[in-house]
Amino acid sequence: ICIDDVQFVEVNGRFLLFHLTDGVVTVHGQLCHIENDLGRAGFYRCSAQNMVNLRHIECYDGSAVYVGESKIPVSRRKKEDFFGQLGGVVRRGLPL
C-alpha cells in the first residue's frame, strides 16, 4: 500500500480498513500499533475508530471531516485540537 493513496483508516472489530483512493484493503490489527507511524506520515487520529490523512480532507463542519464520499466523525475530545490544525489548510463548510 502506498501511504499517499490512503485516505483514512477505520477500525472494524479486530480489523483495520485502509480506505484508498481506489478501494479498501482490510488487515488484521489494532490502530494503536500503527498510530505513531501514520502520525509521522500526516495522519491524525480524530476518534477512537478513525485516523485520517490530512492531505485528503476536502472540507469539514463542526463535527466531521469529509474525504471523498465519506463523512468521518471527530470526537468531542479531539475537536478543538484537530479543527485548530485544519483552520488554515482546509476550507470550512459542507462539501459540494
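Refer to the preceding data block for the structure.
Residues numbered from 1 in each chain as written. Predicted model: local features only at pLDDT ≥ 70, side-chain atom pairs only at ≥ 80, totals over all residues. Heavy atoms only, no water.

Considerations on the nonpolar core
Ranked by size, the top nonpolar core spans 13 residues in total, and within it Val 52, Val 65 and Phe 82 carry the most contacts. Among the elements of the structure, β7 (64-67) and α2 (76-86) are those that each provide at least two residues to this core. The element best represented in this core is α2, accounting for three residues. Residues contacting Phe 82, with those up to four places away along its chain left out, are Tyr 44, Cys 46, Val 52, Leu 54, Ile 57, Val 65 and Val 74. (Core = buried A, V, L, I, M, F, W, Y, C linked by side-chain atoms within 4.5 Å. Buried < 20%, exposed > 50% of the residue type's maximum accessible area, 1.4 Å probe, protein only. Helix = DSSP H or I, 4+ residues; strand = E, 2+ residues; numbered from the N terminus. Contact = heavy atoms within 4.5 Å.)

Re α2
Among all positions of α2, only Phe 82, Phe 83 and Leu 86 are buried. Down the axis, α2 shows its buried residues gathered within 95 degrees of arc, on one side only. Residues of α2 that are exposed and point over 90 degrees away from its buried face: Arg 77, Glu 80 and Gly 84. For α2, the secondary structure elements touched by its buried residues are β4 (43-45), β5 (50-53), β6 (59-60) and β7. (Arc of directions from axis to C-beta.)

What to know about the pattern of salt bridges
Counted according to the given criterion, the structure contains three salt bridges. Note that Arg 45 and Glu 35 form a salt bridge whose closest N and O atoms lie 2.9 Å from each other. On the criterion of sequence distance, the pair formed by Arg 45 in strand β4 and Glu 35 in helix α1 (residues 31-40) is long-range, its members being ten residues apart. What makes Arg 45 buried here is its relative accessible area of 18%. According to the relative accessible area criterion, Glu 35 is partly exposed, its value standing at 25%. Arg 40 serves as the salt-bridge partner of Asp 37, at 2.3 Å between the closest nitrogen and oxygen. On the criterion of helical spacing, the pair formed by Asp 37 and Arg 40 is a turn pair, its members being three residues apart in helix α1. (Salt bridge = Lys/Arg side-chain N within 4 Å of Asp/Glu carboxyl O.)

Some points on the pairing of strand β2 (residues 15-20)
Burial within β2 is extensive, with five of its six residues counted as buried. Where strand β1 (residues 6-12) meets β2, six bridges bridge the pair, whose relative direction is antiparallel. What sits directly across from Phe 8, in β2, is His 19. From the end of β1 to the start of β2, which pair antiparallel, there are two residues, and Gly 13 there has a positive phi angle of about 65 degrees. Sheet topology note: the β2/strand β3 (residues 23-28) ladder contains six bridges and is antiparallel. Paired with Phe 18 across the bridge in β3 is Val 25. Between β2 and β3, which follow one another and run antiparallel, lie two residues. (Pairing = 2+ DSSP bridges.)

Concerning the sheet that holds β1
Here we have five strands laid out as an open sheet, ordered β3-β2-β1-β5-β4, and antiparallel in their pairing. Where the open sheet ends on each side, the last strands, each with one partner, are β3 and β4. Between one strand axis and the next, the sheet turns through 20 degrees on average, direction left out of account. Judged from the three bridges that link them, β4 and β5 form a sheet pairing that is antiparallel. Of the residues in β5, the one forming a bridge with Phe 43 is Asn 53. (Axes fitted to C-alpha atoms, helices over the stretch in contact; angles between N-to-C directions.)

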